[in-house]
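# Inside the fold
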Amino acid sequence: MDIKETTRPLDGASVSAFLRSLPARPLLLGLGEARHFVEELGALRNEIFRHLVEHEGYRSFAIESDCLMGLVVDDYVTTGTGTLDDVMERGFSHGFGASPANRELVRWMRAYNEEHAEKLRFFGFDAPLEYWAASPRQALTALYALLDGPLPRTVVTRETLDTLLGPDDRWSNEATAMDPSQSIGQSADAQRLRLIADDLVALLDTQAPRLSAEDRERAALYGRTATGLLRYHYWMADASSARWTRLSALRDAMMAANLRAVAEHGPALVFSSNLHLQRNKSFMSFGDQMLEWWSAGAIIETHLGDRYAFLASALGTVGDNTPPPDTVEGLLSTLPWDHALIDARRLAEAITKTVPRSSHDFAYFPLDPDHLDMIDGIVFLKEVADRE
């Protein structure tokens, strides 16, 4: 089979045709990044999202960024709260607010909402963490405030909650990433806070009828973020060899929980690393260890089944780095289009004798030819600027 038979130039028509080829209309359509900060992919993503909104009924966008910071962006695009400059500074983690493509996306979503009654929504779906975790203060105190009344005070007083949390910098100590002895995640205060968070989440279920739909949504986000962060901090203090595998798995599980909430507003476009959206197990070299865990995409598919679809991205020439002809990226580089949409499962049947592309860029994740049949489609960019 000629690989052209598996491929179409990437445009709105090919995106719609791809959606029609799936066994079911996805609630979550994942668009993976082979590497973060590829502006050409960000611009292409914006075009895809605009088409999905205008022609396929999509109303939500989710990105691999802090879920609590994302509330700032959502408030802006839905109500106009704040300024674009402020939102790009305070509404994104991982440096994503500096991306021109992300800025253009937020600007367009706000402009769309100013002219339409049915609003677009913006979600961050990553946990508030990098390799270390943030303080659970924002999530816990916001949940407590939404549950305000006599019942929360039977769980804990606000004064006691503040005392147990203490200074935020003892939670956000970056040194804990490599030194578990500096983490407070298994201290008596942290252990008690885990029980309090669990009790407050249980209390939320009993109080849900008196809350507005918006407050229920936010309280649920605060609850799962608080419990997730405290669980993550616990394992930050673990000194066993399983520490980083466990932390990697917990992060993706938190992502998946946030994506399940996004799916309730579906259909949504989800933008994140290929590594987090893929269906197969994730593997990553970390020092002298090989970490192995299930990604958020794999977890979410256990809940959504064929209502989850995954488009991986792949890059051809990056700067002056051209993919070898015996890699998937090398074969796709022979296509006549700058941007192409490939049926990955048909491609898996069409090609043999390919090898994984190697890269010295630790942040770049090439396609694995052994797992093409676990991808629904590939968004291929023939040439991008070098980001190294």
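Residues numbered from 1 in each chain as written. Predicted model: local features only at pLDDT ≥ 70, side-chain atom pairs only at ≥ 80, totals over all residues. Heavy atoms only, no water.

## Describing the overall build of the chain
A count of helices and strands for the chain gives 15 helices and 10 strands. The C-alpha atoms of the chain give a radius of gyration of 22 Å, which matches the 21 Å a tight globule of 388 residues would have. In terms of its C-alpha atoms, the chain occupies a principal-axis envelope of roughly 70 × 55 × 35 Å. Residues classed as buried in the chain amount to 54% of the 388 residues present. At a minimum sequence separation of 6, the contacts of the chain that also span at least 24 residues come to 78%. (Helix = DSSP H or I, 4+ residues; strand = E, 2+ residues; numbered from the N terminus. Rg over C-alpha atoms; globule rule 2.2 N^0.38 Å. Buried < 20%, exposed > 50% of the residue type's maximum accessible area, 1.4 Å probe, protein only. Contact = heavy atoms within 4.5 Å.)

## Focus: the side chain of Arg251
Take Arg251: it is sitting in helix H11 (residues 243–263). Not counting the four nearest positions on each side in its chain, Arg251 is found in contact with Glu64, His94, Asp126, Leu129 and His276.

## Let's talk about the packing of helix H3 (residues 70–79) against helix H5 (residues 100–115)
The axes of two packed helices give the description: the angle between them and the distance between them. Contact pair H3 / H5: the axes reach a minimum separation of 7 Å and the direction vectors enclose 35°. Here H3 contributes Val73, Tyr76, Val77, Thr78 and Thr79 to the contact with H5, which in turn contributes Val106, Met109, Arg110 and Asn113. A class-by-class count of the residues in the contact of H3 with H5 yields five nonpolar, three polar and one charged. (Axes fitted to C-alpha atoms, helices over the stretch in contact; angles between N-to-C directions. Nonpolar A, V, L, I, M, F, W, Y, C, P; charged D, E, K, R; others polar.)

## Quick word on the domain arrangement of the chain
Each assigned domain of the chain is listed here: domain 1 (3–129 + 255–384) and domain 2 (136–242). Distance from the C-alpha centre of domain 1 to the C-alpha centre of domain 2: 31 Å. Contacts between domain 1 and domain 2 engage 14 residues on the former and 12 residues on the latter. Taking both partners together, domain 1 and domain 2 bury about 1,100 Å²; carbon and sulfur atoms supply 61% of that area. Sorting the residues of domain 1 by area buried against domain 2 places Leu68, Leu71 and Leu129 first, and these three jointly supply 45% of that buried surface. Here domain 1 and domain 2 share two salt bridges between them. With a closest N to O distance of 2.8 Å, Glu217 and Arg121 form a salt bridge. Summed over the shared surface of domain 1 and domain 2, the number is four residue pairs in polar contact (both at pLDDT 80 or more). (Domains from an automatic or database assignment. Buried area = accessible area lost by both parts, 1.4 Å probe. Salt bridge = Lys/Arg side-chain N within 4 Å of Asp/Glu carboxyl O. Polar contact = N/O pair within 3.5 Å; in protein donor to acceptor, adjacent residues only side chain to side chain.)

## What to know about the pattern of salt bridges
Taken as a whole and judged by the stated rule, the model has 21 salt bridges. With a closest N to O distance of 3.3 Å, Asp162 and Arg158 form a salt bridge. Of this pair, Asp162 and Arg158 both sit in helix H8 (residues 158–165), four residues apart, which is roughly one turn of the helix. What emerges from the salt-bridge pattern is a single network uniting Arg137, Arg158, Asp162 and Asp168.

## Observations concerning the layout of surface pockets
The calculated volume of the largest pocket comes to roughly 760 Å³. Around the largest pocket sit 27 residues that line it, and His36, Glu64, Tyr131, Arg251 and His276 are the ones nearest its centre. For the lining of the largest pocket, the elements supplying multiple residues, two or more each, are H11, helix H12 (274–277), strand S6 (282–286) and strand S7 (289–293). When residues of the lining of the largest pocket are assigned to their parent elements, the largest contribution, five residues, is made by H11. Residues of the lining of the largest pocket, tallied by class, amount to 16 nonpolar, five polar and six charged. One number sums up the size of the second largest pocket: a volume of about 430 Å³. The set of elements that each furnish at least two residues to the lining of the second largest pocket consists of H12, S6 and strand S8 (308–318). Of the residues contributing to the lining of the second largest pocket, the split by class is 11 nonpolar, seven polar and four charged. (1 Å grid on protein atoms, 1.4 Å probe; cavity = no way out; pocket = protein on both sides within 12 Å on 5 of 7 lines; lining within 4 Å. Points joined across faces, edges and corners; volume = space filled by probe spheres on them.)

## As for the pairing of strand S4 (residues 121–126)
Of all six residues that make up S4, six are buried, and the element is covered over most of its length. Here S4 shows no split at all, with Arg121, Phe123 and Phe125 on one side and Phe122, Gly124 and Asp126 on the other all buried.

## Section: the side chain of Ser282
Along the chain, Ser282 falls in strand S6. Accessibility expressed as a relative area gives 0% for Ser282, which makes it buried. At 3.1 Å, the side chain of Ser282 and the side chain of Gln278 are in polar contact. Sequence-distant contacts of Ser282, defined by excluding residues within four places in its chain, comprise Leu275, Leu291, Glu292, Trp293 and Ser295.

## Points about empty space enclosed by the protein
Tallied over the full model, the rule gives two cavities of 30 Å³ or more. The volume enclosed by the second largest cavity comes to roughly 110 Å³. As for the second largest cavity, its lining consists of Glu33, Phe37, Val38, Glu39, Gly42, Arg45, Ile63, Phe96, Ser99, Ala101, Asn102 and Phe271. Looking at which element gives the most residues to the lining of the second largest cavity, the answer is helix H2 (residues 39–56), with three residues. Of the residues in the lining of the second largest cavity, the class split is six nonpolar, three polar and three charged.

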